[in-house]
Amino acid sequence: MFLKRIAVAAVFMGAMAAHAFAPQAGTWVVSSELDGKPGRGLAIDVQNDTFVMQMYAYENSGQPTFYLATGKISDDKVAAPLVRYTGGRYLGSGALSGKEAGSAGTVTFRFTSGATGFITLPGEPEKAISRFNFGYPFAASSLMGLWTLTSLGSEGLITDAVQLTSNLGATSTGNGLVATSNGLFGCEHQTSGAQVGNVLCVKINAQGQLLRAYVFFYSVNEGEGFSRLSGSGAQQLLSIRRLTTPQNVGTGLIYKAGEQQPAQEHPALRFHLGNVAADGFAD
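Structure report, in brief. Quantities reported herein were computed from a predicted structural model and do not represent experimental measurements.

About the criteria used
Residues numbered from 1 in each chain as written. Predicted model: local features only at pLDDT ≥ 70, side-chain atom pairs only at ≥ 80, totals over all residues. Heavy atoms only, no water. Helix = DSSP H or I, 4+ residues; strand = E, 2+ residues; numbered from the N terminus. Buried < 20%, exposed > 50% of the residue type's maximum accessible area, 1.4 Å probe, protein only. Contact = heavy atoms within 4.5 Å. Areas by Shrake-Rupley, 256 points an atom, 1.4 Å probe, with all protein chains shown as cover. Phe/Tyr/Trp six-rings, centres within 6.5 Å; stacked < 30°, edge-to-face > 60°. Lys NZ or Arg CZ within 6 Å of the ring centre and 35° of its normal. Salt bridge = Lys/Arg side-chain N within 4 Å of Asp/Glu carboxyl O. Disulfide = S-S within 2.5 Å. Pairing = 2+ DSSP bridges. Axes fitted to C-alpha atoms, helices over the stretch in contact; angles between N-to-C directions. Core = buried A, V, L, I, M, F, W, Y, C linked by side-chain atoms within 4.5 Å. 1 Å grid on protein atoms, 1.4 Å probe; cavity = no way out; pocket = protein on both sides within 12 Å on 5 of 7 lines; lining within 4 Å. Points joined across faces, edges and corners; volume = space filled by probe spheres on them. Nonpolar A, V, L, I, M, F, W, Y, C, P; charged D, E, K, R; others polar. Polar contact = N/O pair within 3.5 Å; in protein donor to acceptor, adjacent residues only side chain to side chain.

**Observations regarding the overall build of the chain**
Counting secondary structure elements, the chain contains three helices and 17 strands. Across the 283 residues that make up the chain, the buried fraction comes to 43%. Considering only contacts within the chain whose residues lie at least 6 apart along the sequence, 46% involve residues at least 24 apart. Taken as a whole, the chain presents about 14200 Å² of accessible surface, with 56% of it coming from carbon and sulfur.

Listed below in structure tokens is the structure:
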């Protein structure tokens, strides 16, 4: 079965997946400290093999401060001095240059995906961290927009570009099937079953035959997972990218929104998504 094999393949392909995705640039949080109140946060960026992290935190007096750590990331791990700065410009001030005010020690990271990992801060145990998603709820509406899905494996490099335009209503395992205007490609957040917490997509042809299925986890505009061709044992490593928001605003590429047509649901789309969600591909 396809979906059962995804979990097994993840064990064997874990090293490949780890090398395929750099940590996503953006705001990260210590997962256990995310309680809706002001706290510590991390701004992470990776360019080539250069890792930069800015951390806003507090002194033991309660005063806010920030730290900077830079280093080289290798095998999804990085260790760097956590340097504190002081004396820089404040609102309304003239020209002032911040100065290093010593290092609090070494901070280490190990990433388990593009959006999850662990941090060890000086004087603290290792803690889970994750990319903070504050703009896209776990809901059907967040899947609308233009996406690319690129998979790599024994079939070679394969890319699908789809524009999800309409919510066709929930299936038995998700919270809303969002489809293309021709009704031949649809995705849904899974709320129950083996793929709970992931997004499941299926691609069918005009005759209603299943062509390919995709399972992935994403945060904001990027994600990763697996795809598989119908009737084949070949499983592909999958990278996904959101190119436009649900409002057709580009997320980084120049894009002009065109007039959208409401999706016409193909009767086989929901059928195949339900089957893959429940049982995967039958060989």
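We are not done yet, so read on.
**Thoughts on the packing of aromatic side chains**
Going through the model one piece at a time under the given rule, you end up with nine aromatic pairs. Each ring, one from tryptophan 147 and one from tyrosine 218, has its centre 5.4 Å from the other, and the planes form 85°; the classification is edge-to-face. One end of the pair, tryptophan 147, is in strand β9 (residues 145-153); the other, tyrosine 218, is in strand β15 (residues 210-219), with 71 residues separating them in the sequence. Both residues of the pair, tryptophan 147 and tyrosine 218, belong to the buried class. Chaining the aromatic ring pairs together yields one cluster made of Trp28, Phe51, Phe109 and Phe111. A cation sits over an aromatic face here: arginine 110 above phenylalanine 118, 4.2 Å from the ring centre.

**Regarding the pattern of salt bridges**
Here the structure, examined in full by the defined rule, presents ten salt bridges. Each of Glu33, Arg40, Glu124 and Lys127 takes part in one network of salt bridges that share partners.

**Observations regarding the state of the cysteines**
Taken as a whole and assessed by the stated rule, the structure comprises one disulfide. Between cysteine 187 and cysteine 201 runs a disulfide, and the two sulfur atoms are separated by 2.1 Å. Measuring the twist about the S-S bond at about 110°, one finds the cysteine 187-cysteine 201 disulfide to be right-handed. With cysteine 187 in strand β13 (residues 185-189) and cysteine 201 in strand β14 (residues 199-204), the pair connects residues that are 14 residues apart, well separated along the chain. For cysteine 187, a relative accessible area of 4% corresponds to the buried category. Exposure remark for cysteine 201: the relative accessible area of 0% places this residue in the buried category.

**Here we look at the sheet that holds strand β8 (residues 127-131)**
Strands sit in the order β1-β2-β3-β4-β5-β6-β7-β8 around a closed barrel of eight strands; the barrel is antiparallel. The mean inter-strand angle of the sheet, taken between neighbouring strand axes irrespective of direction, is 30°.

**Points about the nonpolar core**
Note on soluble globular proteins: their nonpolar side chains tend to be buried together. Counting residues in hydrophobic clusters, the biggest one holds 21 residues, and the most contacted among them are Leu42, Phe51, Met53 and Phe109. Elements supplying a minimum of two residues to this core: β1 (26-30), β2 (41-47), β3 (50-58), β4 (64-72), β5 (77-86) and β6 (99-111). When residues in this core are grouped by element, the largest group, four residues, is from β3. Setting aside chain neighbours within four positions, we find methionine 53 in contact with Leu42, Ala43, Ile44, Tyr67, Leu68, Ala69, Leu82, Val107 and Phe109.

**Structural notes on the sheet that holds strand β16 (residues 222-229)**
An order of β10-β9-β17-β16-β15-β14-β13-β12-β11 is seen for the nine strands of this open sheet, with the pairing classed as antiparallel. Here the strands that pair on one side only, and so sit at the sheet edges, are β10 (156-164) and β11 (166-167). Relative to β10, β9 runs antiparallel, the two being bridged by nine bridges. Bridging across to β10, threonine 148 finds its partner in alanine 161. Along the sheet, helix α3 (residues 267-279) makes contact with β12 (178-179), β13, β14 and β15, crossing β14 at roughly 130°.

**Brief notes about the pairing of β1**
Where β1 and β2 come together, three bridges link them in antiparallel fashion. Among the inter-strand pairings, threonine 27 is bridged to a residue of β2, identified as alanine 43. Relative to β8, β1 is paired through three bridges, and the arrangement is antiparallel. Bridge pairing links valine 29 to serine 130 in β8.

**Observations regarding empty space enclosed by the protein**
Tallied over the full model, the rule gives one cavity of 30 Å³ or more. Lining the largest cavity are Leu143, Trp147, Leu149, Val162, Leu164, Cys187, Cys201 and Phe216. Looking at the lining of the largest cavity, the elements with two or more residues in it are β9 and β10. Its residues placed into classes, the lining of the largest cavity shows eight nonpolar, no polar and no charged.

**Observations regarding the side chain of serine 142**
Tracing the backbone shows serine 142 in the loop between β8 and β9. At 2.8 Å, the side chain of serine 142 and the backbone oxygen of alanine 139 are in polar contact. At 3.2 Å, the side chain of serine 142 and the side chain of histidine 189 are in polar contact.

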